[in-house]
Protein chains: 4
Amino acid sequence: MCRTPPPAGRKGRPRSLEADAAILSATREALVDLGWSKLTMGDVAARAGVAKTTLYRRWAGKSELVVDAVAVLFDELELPDLGSLAADVRGVVLQFAALLERPEARTALMAVVAESTRDEALRARIRHAIVDRQKRLVLEGRRRAQERGELPYEADESAASRTADLIFDVVAGAVVHRSLVSAEPVDGEWARAFTGLLLGGLTAPSPG
Amino acid sequence: MCRTPPPAGRKGRPRSLEADAAILSATREALVDLGWSKLTMGDVAARAGVAKTTLYRRWAGKSELVVDAVAVLFDELELPDLGSLAADVRGVVLQFAALLERPEARTALMAVVAESTRDEALRARIRHAIVDRQKRLVLEGRRRAQERGELPYEADESAASRTADLIFDVVAGAVVHRSLVSAEPVDGEWARAFTGLLLGGLTAPSPG
Amino acid sequence: MCRTPPPAGRKGRPRSLEADAAILSATREALVDLGWSKLTMGDVAARAGVAKTTLYRRWAGKSELVVDAVAVLFDELELPDLGSLAADVRGVVLQFAALLERPEARTALMAVVAESTRDEALRARIRHAIVDRQKRLVLEGRRRAQERGELPYEADESAASRTADLIFDVVAGAVVHRSLVSAEPVDGEWARAFTGLLLGGLTAPSPG
Amino acid sequence: MCRTPPPAGRKGRPRSLEADAAILSATREALVDLGWSKLTMGDVAARAGVAKTTLYRRWAGKSELVVDAVAVLFDELELPDLGSLAADVRGVVLQFAALLERPEARTALMAVVAESTRDEALRARIRHAIVDRQKRLVLEGRRRAQERGELPYEADESAASRTADLIFDVVAGAVVHRSLVSAEPVDGEWARAFTGLLLGGLTAPSPG
DNA sequence: CGGTAAACGAGACGGTACGTCCAGTCTTATT
DNA sequence: AATAAGACTGGACGTACCGTCTCGTTTACCG
């Protein structure tokens, strides 16, 4: 969890594990109270009962810290088997939307992505800590749909991977855009309509 | 373009129109050079050859200024008639992707959205200056498809509006997510695949 | 008094004169309360009701600030005509000793001299702000003694100057050393003994 | 030399004697390189190849450490018999001046005196480690002069002590002030003039 | 000669101050 | 009244040291 690792040798006083947990927790708390742009390293340190130096010894900056702090939220995403591909899609859409309702995720997610547009290392960190955690849901959903016979098994490995990436971008992008850019609720109705579009396409008869 | 209007009375020296243009242009330039988070009001003022006071007389802060500065980029989006709904979708996807390749848009867009999660007025400004400019492309595209007979006319006005919003979130969200979050290129191949998914749905035979 | 002068042009808001006075006064106050080594720029700023930036805009650092702050104390030194050279010497010794009893001078003087051993600019500043203010007392005392006929007029200008410098170093050095290094009181008795030594020399019969 | 003594019991590993020497030597080295105010405990520890803890186990702080480090320099002062009181005075003046030319003494001496103005324990330490080492030269010089018949034997013990203290403050103070405050060289010429003043007094015919 | 108590190196820790930077406001004189 | 210039308050930044602490390791003495 702590990303700037201690120097190779294992001499000297070891880093406090409690401090790590306290810092990440304090970061989430500060995100809720203050939002991304008003969150300060000093404030996080104070909330965590830790010196500023301790923060900087472990994280290079605000962005890195926040990525790690919100990453755990994405671990909570699950894909309970709801019996059909459509139900699974609706389920994951609503779960992801619920996550984006949480103020700490809401304010942090776009901010770190914005920051990452000029910082390759941060982009990699986001991919590892957040994106990959979401993408596994897509892969799991496809596997289930294939077992149910709702989707064909794809022979071409790389084509399959491309399709999964596409679907991931469409699902995650649509939910994020609806929630944060359009600032409209992602409710059951919208999830149903989106699922219909995703599965049936625009030219299909609407699922009414 | 200048959002904080001059006080009612029209006595005294009028605001310089050249200053407005110079400031917005300097803002875009600074976004390219520095990115959102390192852009400062003082730097913009210096680039524009203008005093800081002049900036603050016209914009409330960095977010508002940047929204206005990048808004004009979205005016360049057009929807040339490419002869079919699929072609039109591919065209708009590629145009939007090209816009997101521009560093000033890339770094600014997510940042102001992130900022807007805790600022209702900013959200409204974004909607008016950016989102609405994009959404008209969806409406125009639908109109054309209906004229071509590719899509039915929708009797229920509000249902039609909901559908347009959905499609807008799917298209814009997918492109943004692919480009900024997944950090993968939005090229002709991806646009074709996405268009196939959007029109035909996930369960349809792929358009290969 | 303010040593880092504003940039040449006289455009823009002028520097606050009250701030200068408040800062120097706050510096002396802080010296009394905290001593040289515990005095901090932030504390001085807070006492003066001024932002730290304002301090740094005017003084390069703690040393420069303190030199200017204590310089005014040396303006208070005077040489009232006590009727004889011996009385004048005793008078100036006691005055200087009284100055060194003041905690702000006591703690600051040696500190800035110590600092100046590795800083030529600081040394020049001390000379101008402090040393020269003291040295004029020696010159004035000699002039009076010459008028009274207690000392001969010296024909050789440069020899006279060297002698004045020597006497200055002896008087100031002895008082400072007694007061700060030996940490013994400079009282009337000591002043009398010192004056006797200075005027009559070590081999003369003591003036008891 | 090491001032914070080990706890009473003499079990366990004894303190390293080499460490003591290495630390004091490293301190002098750091004084030369960095001066008093930029010298840090961590740097001294690193130069001495020793952990910071080892420093703090032996000295309470920077001031105490530096006093001990420069104290040995004052042991080098000697009073070779030059045949007359005047020659002895000139000799000691030049020796002391040579000491003050050494950068480690130059930067440290005034600094620790400044520090001691608010620290009684430090003052005592300076007196013991430095001042007393100098004062014995005065006592020795007087004894010789008395043996030569240049100075009378003083019957009153306490008056004799007071006179010795006075002379010490005058000699040491004048040299320090000339060297560090006036920042002028203490050369043979100055030493001769000073000795003339000290022995013959201001009103005596100059020794030309 | 093996146990033990203290010294030791390494480095993390809570603090404090640093000197810089930027935000946003203000005070000038000028246009 | 708007402008350019620049000083102002306030606050966060990231760094450097301080002096303390907690480790694992070493080393002399003492039983």
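Procedures and definitions
Residues numbered from 1 in each chain as written. Chains lettered and ligands numbered in written order. Predicted model: local features only at pLDDT ≥ 70, side-chain atom pairs only at ≥ 80, totals over all residues. Heavy atoms only, no water. Helix = DSSP H or I, 4+ residues; strand = E, 2+ residues; numbered from the N terminus. Contact = heavy atoms within 4.5 Å. Areas by Shrake-Rupley, 256 points an atom, 1.4 Å probe, with all protein chains shown as cover. Lys, Arg positive; Asp, Glu negative; His and termini not counted. Charge placed at Lys NZ, Arg CZ, Asp CG, Glu CD. Least-squares fit on C-alpha atoms with pLDDT ≥ 70 in both. Buried area = accessible area lost by both parts, 1.4 Å probe. Salt bridge = Lys/Arg side-chain N within 4 Å of Asp/Glu carboxyl O. Polar contact = N/O pair within 3.5 Å; in protein donor to acceptor, adjacent residues only side chain to side chain. Buried < 20%, exposed > 50% of the residue type's maximum accessible area, 1.4 Å probe, protein only. 1 Å grid on protein atoms, 1.4 Å probe; cavity = no way out; pocket = protein on both sides within 12 Å on 5 of 7 lines; lining within 4 Å. Points joined across faces, edges and corners; volume = space filled by probe spheres on them. Nonpolar A, V, L, I, M, F, W, Y, C, P; charged D, E, K, R; others polar. Expected span 1.5 Å × (residues − 1). Near = heavy atom within 4 Å. Domains from an automatic or database assignment.

**Quick look at the overall build of chain A**
A tally of helices and strands in chain A yields nine helices and zero strands. N-terminal to C-terminal, the α/β element order of chain A is α-α-α-α-α-α-α-α-α. For chain A, the spread of C-alpha atoms along the three principal axes comes to 65 × 35 × 30 Å. Sequence-distant contacts, at least 24 apart, represent 65% of the contacts inside chain A between residues at least 6 apart. When the accessible area of chain A is evaluated, it comes to approximately 9,800 Å², of which 54% is carbon and sulfur surface. Counting 29 positive and 29 negative side-chain charges, chain A places the centres of these two groups 7 Å from one another.

**Examining the relation of the copies chain D and chain C**
If you rotate chain D by 179° and push it 0.1 Å along the axis, it lands on chain C with an RMSD of 0.2 Å. The superposition of one copy onto the other is thereby described by a two-fold rotation axis. Of the interface residues in chain D, 100% have counterparts in chain C that sit at the interface too, so the contact is made through matching surfaces.

**Side note on the interface of chain B and chain A**
The interface is formed by 47 residues belonging to chain B together with 48 residues belonging to chain A. The junction of chain B with chain A conceals about 4,100 Å² of combined surface from both sides, 63% of it contributed by carbon and sulfur atoms. Between the two partners, chain B and chain A, sit two salt bridges. Where chain B touches chain A, the interface holds 18 residue pairs in polar contact (both at pLDDT 80 or more).

**A look at unusual backbone geometry**
A positive phi angle is found at Ala183(A), which is not glycine, with a value near 60°. A residue is classified by how much of its surface remains accessible, and Ala183(A), at 27% relative accessible area, is partly exposed.

**Some details on the interface of chain D and chain C**
On the chain C side, the residues contacting the 48 residues of chain D number 48 residues. Together, the buried faces of chain D and chain C total about 4,100 Å²; carbon and sulfur atoms form 63% of this surface. Run the count over chain D and chain C and you get two salt bridges. Arg162(C) is paired through a salt bridge with Glu189(D); the nearest N and O atoms lie 3.5 Å apart. Between chain D and chain C we count 18 residue pairs in polar contact (both at pLDDT 80 or more) in total.

**Details of empty space enclosed by the protein**
Summary: where empty space remains is shown by rolling a probe the size of a single water molecule over the atoms. Per the stated rule, a full pass over the model turns up nine cavities of 30 Å³ or more. The volume enclosed by the largest cavity comes to roughly 330 Å³. Around the largest cavity, the lining comprises 19 residues; the ones closest to its centre are Val92(A), Leu137(A), Val138(A), Ile167(A) and Val171(A). Broken down by secondary-structure element, the contributors of at least two residues to the lining of the largest cavity are α5 (85–101), α7 (120–148) and α8 (157–181) of chain A. Classifying every residue of the lining of the largest cavity by side-chain character gives 15 nonpolar, two polar and two charged. Size it by volume and the second largest cavity reaches roughly 230 Å³. Taken together, 23 residues line the second largest cavity, and the ones lying closest to its centre are Met110(A), Val176(A), Met110(B), Val176(B) and Val181(B). The set of elements that each furnish at least two residues to the lining of the second largest cavity consists of α6 (103–116), α7 and α8 of chain A together with α6 (103–116), α7 (120–148) and α8 (157–181) of chain B.

**Looking at α8(B)**
The first and last C-alpha atoms of α8(B) sit 34 Å apart over 25 residues, in line with the 36 Å expected at 1.5 Å per residue. Structurally, the start of α8(B) carries an N-cap: the backbone nitrogen of Ser158(B) is 3.0 Å from a side-chain oxygen of Asp156(B).

**Overview of the protein's contact with DNA strand E**
Taken together, 43 residues surround DNA strand E, and among them Thr54(A), Arg57(A), Arg58(A), Tyr56(C) and Arg58(D) come closest. When the atoms of DNA strand E within 4 Å of the protein are sorted by group, sugar and phosphate make up 61%. One of the backbone nitrogen or oxygen atoms of Ser16(A) is found 2.8 Å away from a phosphate oxygen of DNA strand E. One nitrogen or oxygen atom from the side chain of Thr53(A) is found 3.1 Å from a base oxygen belonging to DNA strand E. The residue inventory of the surface near DNA strand E, partitioned by class, reads 13 nonpolar, 16 polar and 14 charged.

**Overview of the protein's contact with DNA strand F**
Neighbouring DNA strand F are 42 residues, the closest being Tyr56(A), Arg58(B), Thr54(C), Arg57(C) and Arg58(C). Taken together, the sugar and phosphate atoms account for 65% of what DNA strand F places within 4 Å of the protein. One of the backbone nitrogen or oxygen atoms of Ser16(C) is found 3.0 Å away from a phosphate oxygen of DNA strand F. Measuring from a base oxygen of DNA strand F, one finds a side-chain N or O atom of Arg13(D) at 2.7 Å. Those elements giving two or more residues to the surface near DNA strand F turn out to be α2 (41–48) and α3 (52–58) of chain A, α3 (52–58) of chain B, α3 (52–58) of chain C together with α2 (41–48) and α3 (52–58) of chain D.

**Concerning the domain arrangement of chain A**
Residue and element names in this part refer to chain A. Considered domain by domain, chain A is made up of domain 1 (17–58) and domain 2 (70–200). Using C-alpha coordinates to define each centre, domain 1 is positioned 28 Å away from domain 2. Between domain 1 and domain 2, the contact holds five residues from the first and ten residues from the second. Summed over both partners, the interface of domain 1 with domain 2 buries about 640 Å², with 79% contributed by carbon and sulfur atoms. For the domain 1 face of the interface with domain 2, the top three residues by lost area are Arg28, Leu31 and Trp36, together amounting to 78%. Linking domain 1 with domain 2 are zero salt bridges. Of the residues assigned to the side of domain 1 that touches domain 2, the class counts are three nonpolar, one polar and one charged.

**Remarks on the pattern of salt bridges**
A full pass over the atoms with the stated rule returns 76 salt bridges over all chains. Arg58(A) serves as the salt-bridge partner of Asp20(A), at 2.2 Å between the closest nitrogen and oxygen. In this pair, Asp20(A) is assigned in helix α1 (residues 17–34) and Arg58(A) in helix α3, connecting sequence segments 38 residues apart. Among the residues examined, Asp20(A) registers a relative accessible area of 10% and is labelled buried. By relative accessible area, Arg58(A) is classed as buried at 3%. Note that Asp43(D) and Arg47(D) form a salt bridge whose closest N and O atoms lie 2.6 Å from each other. Residue Asp43(D) and its partner Arg47(D) are located together in helix α2, separated by four residues, close to a single helical turn.

**Quick look at the arrangement of the chains**
Of all C-alpha pairs spanning chain A and chain C, none lies closer than 17 Å, and the two are not in contact. Here chain B and chain C are not in contact; the least distance found between their C-alpha atoms is 11 Å.

**A short note on α6(A)**
With 14 residues, α6(A) should reach 20 Å at 1.5 Å per residue; the first-to-last C-alpha distance of 20 Å fits that figure. Counting buried residues along α6(A), 13 of its 14 residues qualify, which places the element largely inside the surrounding structure.

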